[in-house]
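Remarks on the overall topology
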Amino acid sequence: MSTAAIHADTHHDHHEHKESFISKYVFSMDHKMISKQFLITGIVMGMVGLIMSLIFRLQLAWPDEQFGFLETLLGKWAVDGKLDPNFYMGLVTIHGTIMVFYVLTAGLSGTFSNLLIPLQLGARDMASPFMNMLSYWFFFLSSVTLLSSVFVETGPASGGWTVYPPLSALEKAMPGSGLGMTLWLAAIALFIVSSLLAGINYISTVLNMRTKGMSMNRMPLTIWAFFFTAILGLLSFPVLLGAAIFLIFDRSFGTSFYLSDIYLEGVGALENIGGSPVLYQHLFWFLGHPEVYIILMPALGITSEVISTNARKPIFGYTAMVISLMGISFLSFIVWGHHMFITGMNPFLGSVFMILTLIIAVPSAVKAFNYLTTLWKGNLRFNPAMLFSIGLVSFFISGGLTGIYLGNAALDIQLHDSYFVVAHFHLVMGSAAIFGMFAGIYHWYPKMFGRMMNKTLGYFHFWITFITAYLVFFPMHFMGLAGVPRRYYQFTLVEDFNVWMDVNKLITVAAIVGGGAQLLFLYNFFYNIFKGKKAKQNPWQSNTLEWSTPVERIHGNWPGEIPTVYRGPYEYSRPDREEDFFPQYEPDESAPEVLHTKETKSAPDTKKVEEVEEGSVFFAAIKRVFGLS
Amino acid sequence: MVKSKKIKDPSYPVAPAKLNLWLFMLASSMLFAATVSAFVVHRPDAESRQAWTAFDLPIFFLYSTIIVIASSVTAYYAYKMAKNDELAHNKNLLLGTTILGIGFCISQFLGWQQMVRLDLTFVNARPEDISASYVWVITMLHFLHILGGIILLIATWVQSIRLNVHKKNMGLMTLTHTYWHFVGVLWIFLYLFFYFAQ
């Protein structure tokens, strides 16, 4: 207790410091600035990942064409304008790595957890601003390391973003397994350090630093989502670190954790013996599966907030939303085997993983239905953030449904490593999560930069991106069902796949148009930082605490005392109110005094305990543990 | 700028640094859970290919265990003394814990030497020595954690010499105390695990 008080005091002294350029914009310890650093780095990485995908899409659509500009751009990787097969694999790998880790994990979670956790909970900053700063700079270093691997002579890592050994463990296996792979592993190790530092901070802040009256059951759903995301990251990234450590030792020190009986270039078995490559897959997917929820859940949280605000209705089933997030988080740890149905897994074990996987459909469906019921008969305001949120719901449903197919072991054995998988995850976690991120950017841009984004450009951005995303990913389902495998450099060599050339061209054209639409976004984003219309205090008439802070960024967030919270975050369109929103921080003048001075953390009163015992004790206990009663 | 003098923010239920440390320990436990599980999962697979040997742990690892238990006891008393404002005892006990920590490191080194003498090297010369590679990786990961603990102990000891560790300033002492118990318990778990698994 005493240390906490001391900490709070010393923290305050910092406010008197004058900020230099370096401490304000570079090595900033302010959570709002760190969030912008994460966002802008994420956007830059996202553009790199997008351009990479366009280049390999060109190859897939016109394999025999020569693109002169590719040679200008890539040099020896595209001699005579034709993409090199090894570099194609490298592009696919780095595209996946960038999008999964750098854009949708750090770019999404890093941005919005940093921005919103202190602002929506009523804290002056994160639990440890210094660790928060370190987290960004580890992420930055990691990004630079990964991008530099594209420029090494043997090319970047090219065994797919999952970097399965033995391909990734043996330098001789392919050019990309040389220095490029070493840099990939270094980048990921730095990334893990970054996300652990960040995750510790997020959890600690949510548990410990909520303002007066902000009990757990009054937290906005964004915070619940970031909280569970951080827990997933904290528990699963160390496992990836373990996997990476073994892989580094196998690659560079000659151990044999993953290697055994390998024949390379027709030469007899290598010295490595006794290892098990499937072990790597277990360790990797123990992270890998929670990772897809680390990507998706912040987007779901943002969507909850944006949909409720712009439908001017309380979110439908707040408690159900929280419990379904909790259910998804828990289940995500015990389903990793569904990525490994074809590793020779015991069929009984396969069935266990299959059933557990299919159970995830339940909390996911709860969320989808709650979004739809929140929208139902609301006073919908179709601003760009709302459109992107609705877009997320669309992708979440259309991509989620194919998850039910892929979760079935019997079907997965057929569909594994085909374009069906590509279609599935690009819709359900790629497009859905990026739409959540866009929704968040459009919604909280006024909070971040004090200015507004252009609405019309936002509409164009949404519609073009939405339509092209479906045009790109939907046809891939049919390719996958027909057996077209993923990660192939060129299909024209296989007679049967020639029928798909037109579809490949359609996908590539749609991808280029969709990529072009992102330029609208970039213009809208960067131009309006400087020239946008000045934002009002609460432009979306939202209930949550972040809109009570001044428009101009200040260190410590609130100039005076931190506001007290009086009610839940989603009290829109209350019949007894003139306005259709009722901010969390506004005391209720009409209500009797007792109501708004009620201490939420007081001991449970005995009357309530008796009521509980009459009802279902078990559920009441669970609810109390998580503060939902 | 905030006129901070006038505002009194409520203090937090738990000291942020303490909660952060607990979360770090949770993450770090997951790293060991992963590596130990890898050992457990790998073993039957390798055994079926006659690529696994069970071997007795070096005796020095047992000595390490005894040292780490002793150091936990001294760390506990150092904490207690600081709480009772007995600064001289606190200082000496912290020094004692640090010395025991260094003793633990030396004992680990001797243990590794013994493994090398038995040809149980990190890079397996024979296929069946993959089990030794695991022992090496896991004990070395633990060793890194111990090094962190020793740095914390020295930092606390220096603060103690400067009379900065007392009843009203227990922050760093609490962290060091908690972390040192964590690495100690972690080692005892790892030792017992390897003892019964081999």
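Up top is the structure.
Since the model is a prediction, treat every value here as computed from it, not as a measurement.

Regarding the overall build of chain A
The helix and strand tally for chain A stands at 20 helices and zero strands. Taken over C-alpha atoms, the radius of gyration comes to 25 Å for chain A, in line with the 25 Å a tight globule of 629 residues would show. Along the first, second and third principal axes, the C-alpha set of chain A runs to 85 × 55 × 50 Å. When the 629 residues of chain A are sorted by exposure, 61% land in the buried category.

Considering the packing of helix α5 (residues 85–121) of chain A against helix α6 (residues 129–148) of chain A
All names here are of chain A. Between α5 and α6, whose axes approach to 12 Å, the crossing angle comes to 165 degrees. For the element pair α5 / α6, the angle class is roughly antiparallel. Relative to α6, the crossing made by α5 is left-handed. Packed against α5, whose contacting residues are Ile-94, Thr-97, Ile-98, Tyr-102, Ala-106 and Asn-114, the element α6 presents Asn-132, Phe-139, Ser-142, Ser-143, Leu-146 and Leu-147 at the interface. For the contact of α5 with α6, the residue count by class is seven nonpolar, five polar and no charged.

Digging into the pattern of salt bridges
Counted by the stated rule, this structure contains eleven salt bridges over all chains. Across the pair Asp-580 of chain A and Arg-381 of chain A runs a salt bridge, and its minimum N-O distance is 3.8 Å. Of this pair, Asp-580 of chain A sits in the loop between α17 (501–531) and α18 (593–596) while Arg-381 of chain A sits in the loop between α12 (361–375) and α13 (384–407), placing them 199 residues apart in sequence. Under the relative-accessibility criterion, Arg-381 of chain A is labelled partly exposed at 29%. For Glu-47 of chain B, the salt bridge identified is with Arg-43 of chain B, shortest N-O distance 3.0 Å. In this pair, Glu-47 of chain B and Arg-43 of chain B both sit in helix α1 (residues 16–47), four residues apart, roughly one turn of the helix. Using a relative accessible area of 38% as the deciding quantity, one classes Glu-47 of chain B as partly exposed. Because the salt bridges share partners, they merge into one network encompassing Glu-571, Arg-574, Asp-576 and Asp-588 of chain A.

Here we look at the interface of chain B and chain A
Every contact between the two is made by 41 residues of chain B and, on the other side, 53 residues of chain A. Counting each side, the surface lost to burial between chain B and chain A is near 4100 Å², with a carbon and sulfur contribution of 69%. At the boundary of chain B with chain A, the tally comes to three residue pairs in polar contact (both at pLDDT 80 or more). When residues of the side of chain B that touches chain A are traced back to their parent elements, those giving at least two are α1 and α4 (130–161) of chain B. Sort the elements by how many residues they give to the side of chain B that touches chain A and α1 of chain B lands first, with 16 residues. Residue classes in the side of chain B that touches chain A are distributed as 28 nonpolar, eight polar and five charged.

A word on the packing of aromatic side chains
Under the defined criterion, the tally for this structure stands at 87 aromatic pairs over all chains. Plain terms: the ring middles of Tyr-523 of chain A and Tyr-527 of chain A are 5.1 Å apart, the flat faces sit at 15 degrees to each other, and that makes the pair stacked. Residue Tyr-523 of chain A and its partner Tyr-527 of chain A are both found in helix α17; the two are separated by four residues, about one turn of the helix. The class for Tyr-523 of chain A is partly exposed, based on a relative accessible area of 48%. For Tyr-527 of chain A, a relative accessible area of 39% corresponds to the partly exposed category. Seen in terms of ring centroids, Phe-109 of chain B and Phe-143 of chain B are 5.7 Å apart; in terms of plane orientation they differ by 75 degrees. Their pairing is edge-to-face. Separated by 34 residues along the polypeptide, Phe-109 of chain B in helix α3 (residues 87–117) and Phe-143 of chain B in helix α4 bring together distant segments of the chain. Phe-109 of chain B sits in the partly exposed class, given a relative accessible area of 48%. Positioned above the aromatic ring of Phe-582 of chain A is the side chain of Arg-567 of chain A, whose terminal nitrogen or guanidinium carbon lies 3.5 Å from the ring centre.

Definitions and limits used
Residues numbered from 1 in each chain as written. Chains lettered and ligands numbered in written order. Predicted model: local features only at pLDDT ≥ 70, side-chain atom pairs only at ≥ 80, totals over all residues. Heavy atoms only, no water. Helix = DSSP H or I, 4+ residues; strand = E, 2+ residues; numbered from the N terminus. Rg over C-alpha atoms; globule rule 2.2 N^0.38 Å. Buried < 20%, exposed > 50% of the residue type's maximum accessible area, 1.4 Å probe, protein only. Axes fitted to C-alpha atoms, helices over the stretch in contact; angles between N-to-C directions. Parallel < 35°, antiparallel > 145°, perpendicular 65-115°, else oblique. Left-handed = near helix turned anticlockwise from the far one by under 90°. Contact = heavy atoms within 4.5 Å. Nonpolar A, V, L, I, M, F, W, Y, C, P; charged D, E, K, R; others polar. Salt bridge = Lys/Arg side-chain N within 4 Å of Asp/Glu carboxyl O. Buried area = accessible area lost by both parts, 1.4 Å probe. Polar contact = N/O pair within 3.5 Å; in protein donor to acceptor, adjacent residues only side chain to side chain. Phe/Tyr/Trp six-rings, centres within 6.5 Å; stacked < 30°, edge-to-face > 60°. Lys NZ or Arg CZ within 6 Å of the ring centre and 35° of its normal.

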